[in-house]
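# Summary of the model geometry
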Amino acid sequence: VITGASTWISNIDDEIRLPSSSIFTSRGLLGVGTVSPTTRLHIKGAADATYNSTVLIEGTGSYPDTLTGITLNAPANTQTHLRFFDGGSAKAQLRFNTGSSADNKLKVYSWTTSTDIFTWDCATGYVGIGTTSPQGKLQVSGAGNAAGGNILIGVTNDSTGKWSYLASTQYN
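Residues numbered from 1 in each chain as written. Predicted model: local features only at pLDDT ≥ 70, side-chain atom pairs only at ≥ 80, totals over all residues. Heavy atoms only, no water.

### Describing the confidence of the model for the protein chain
For clarity, the threshold we go by: The pLDDT value tells you how sure the predictor is about a given residue, anywhere from 0 up to 100. Starting at the N terminus, helices and strands are each numbered in turn, a helix being any DSSP run of H or I of at least four residues and a strand any DSSP run of E of at least two. By definition, residues are in contact when any of their heavy atoms lie within 4.5 Å.
When pLDDT is averaged across the protein chain, the result is 75; 69% of the residues are at 70 or more. Of all the helices and strands in the protein chain, strand β12 (residues 164–167) carries the lowest mean pLDDT, 51, while strand β8 (residues 115–121) carries the highest, 94. Low confidence marks residues 1–8, where pLDDT is under 50. Its contacts with residues over four positions away, or in another chain, come to two contacts.

Structural data, given as structure tokens:
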């Protein structure tokens with residue numbers, strides 16, 4: 001039993017179970033709601049009905065203590081990311097930098113298409129859809145639709161159910 005506000009466990013070599021708790025440690029891994037954690041922190045459980053999530057981080061106190069967030073801080077020139085899975089299959093990833101290169105870009109990667117589908121260049125502020133090297137405030141690249149357009153605008157409210165589009169023609 002561990003008590004007291006100043007108690008610190010510096011090293012866990014084996015397994016610890018806290019009585020009447022869903023907290024479990026194994027081989028230096030911490031599981032909440034699971035007895036077999038696979039990462040440093042593995043949380044498993046049903047979503048909360050109020051917030052519709054498994055994890056809640058809540059700030060308290062007064063400003064600036066009320067600022068609440070998650071910080072991802074990796075060693076220099078490495079990737080930080082959030083990955084999204086569906087039924088155990090990787091679907092999308094929000095990442096900063098790519099692998100071991102510091103490109104200073106925030107990207108959305110799709111495992112379905114095996115490509116970066118959105119890029120925000122933090123150095124220039126440029127945004128790219130379908131390109132990882134946007135050359136302007138907004139650059140959309142790709143094959144477009146059957147009519148040849150790359151950007152669809154509006155709603156499908158006409159009798160044919162078609163969108164308005166901007167053609168891929170370049171203007172000077």
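### Here's the deal with the pattern of salt bridges
Rules: Any carboxyl oxygen of Asp or Glu within 4 Å of a side-chain nitrogen of Lys or Arg constitutes a salt bridge here. Exposure classes here rest on a 1.4 Å probe applied to the protein chains alone. A residue is buried below 20% of its type maximum, exposed above 50%, and partly exposed in between.
Going through the model one piece at a time under the given rule, you end up with two salt bridges. Two residues, D116 and R95, come together in a salt bridge whose shortest N-O distance is 2.7 Å. You can see D116 sitting in strand β8 and its partner R95 sitting in strand β6 (residues 89–98), a full 21 residues away along the chain. Both residues of the pair, D116 and R95, count as buried. With a shortest N-O distance of 2.9 Å, K107 and D103 are connected by a salt bridge. Residue class for D103 comes out partly exposed when judged on its relative accessible area of 23%.

### A short note on the environment of L106
With respect to the helices and strands, the residue L106 is situated in strand β7 (residues 101–110). Measuring from C-alpha to C-alpha, the distance between L106 and V127 comes to 9.6 Å, with 21 residues separating the pair along the chain. Not counting residues up to four positions away in its chain, the partners in contact with L106 are L94, R95, F96, F118, T119, W120 and C122.

### Brief notes about the environment of T39
In plain terms, the rule: Polar contacts, as counted here, are pairs of nitrogen or oxygen atoms within 3.5 Å of one another; within protein the pair requires one atom able to donate a hydrogen and one able to accept it, and residues that are adjacent in sequence qualify only if both atoms are side-chain atoms.
Positionally, T39 belongs in the loop between β3 (29–32) and β4 (41–43). For the pair T39 and G28, spaced eleven residues apart in sequence, the C-alpha separation works out to 9.1 Å. Not counting residues up to four positions away in its chain, the partners in contact with T39 are L29 and L30. A polar side-chain atom of T39 sits 2.9 Å from the main-chain carbonyl oxygen of L41.

### Some details on unusual backbone geometry
Of note, N77 is a non-glycine position whose phi angle comes to about 60°, a positive value. Inspection of the secondary structure assignment puts N77 in the loop between β4 and β5 (80–86). You can call N77 partly exposed: its relative accessible area is 45%. Positive phi, normally seen in glycine, also occurs at S114, with a value near 55°. For S114, the location among the structural elements is in the loop between β7 and β8. Judged by its relative accessible area of 51%, S114 is exposed.

### Overview of the layout of surface pockets
Here is the rule we go by: Two kinds of site are reported from a 1 Å grid over the protein atoms alone, namely cavities, where a 1.4 Å probe fits but cannot get out, and pockets, open sets with protein on both sides within 12 Å along at least five of seven lines, and residues are called lining when an atom falls within 4 Å of a point. Grid points are joined across faces, edges and corners, and a volume is the space filled by probe spheres set on the points. Any residue outside Ala, Val, Leu, Ile, Met, Phe, Trp, Tyr, Cys, Pro, Asp, Glu, Lys and Arg is labelled polar, Gly included; the first ten of those are nonpolar and the last four are charged.
Space inside the largest pocket adds up to approximately 350 Å³. As for the largest pocket, its lining consists of I70, L72, T80, H81, L82, R83, F84 and F85. Taken as a whole, the second largest pocket encloses approximately 290 Å³ of empty space. In terms of lining, the second largest pocket is formed by T38, T39, R40, L41, H42, I43 and V55. When its residues are assigned to classes, the lining of the second largest pocket shows three nonpolar, three polar and one charged.

### Some words on a nonpolar patch on the surface
As a reminder, the rule being used: Residues with no salt bridge and a relative accessible area higher than 30% make up the patches, which join like charges within 9 Å and nonpolar side chains (Val, Leu, Ile, Met, Phe, Trp, Tyr) within 5 Å. Note on areas: these come from Shrake-Rupley sampling with a 1.4 Å probe, and a residue is covered only by the protein chains present in the view.
A cluster of nonpolar side chains, namely I23, L30, L41, I43, V55, I57, I70, L72, L82, F84 and L94, defines an oily patch on the protein surface of about 950 Å² accessible area. Looking at the nonpolar patch, the elements with two or more residues in it are β4 and β5. Tracing the chain through its elements places F84 in strand β5. Its relative accessible area of 46% is what places F84 among the partly exposed residues.

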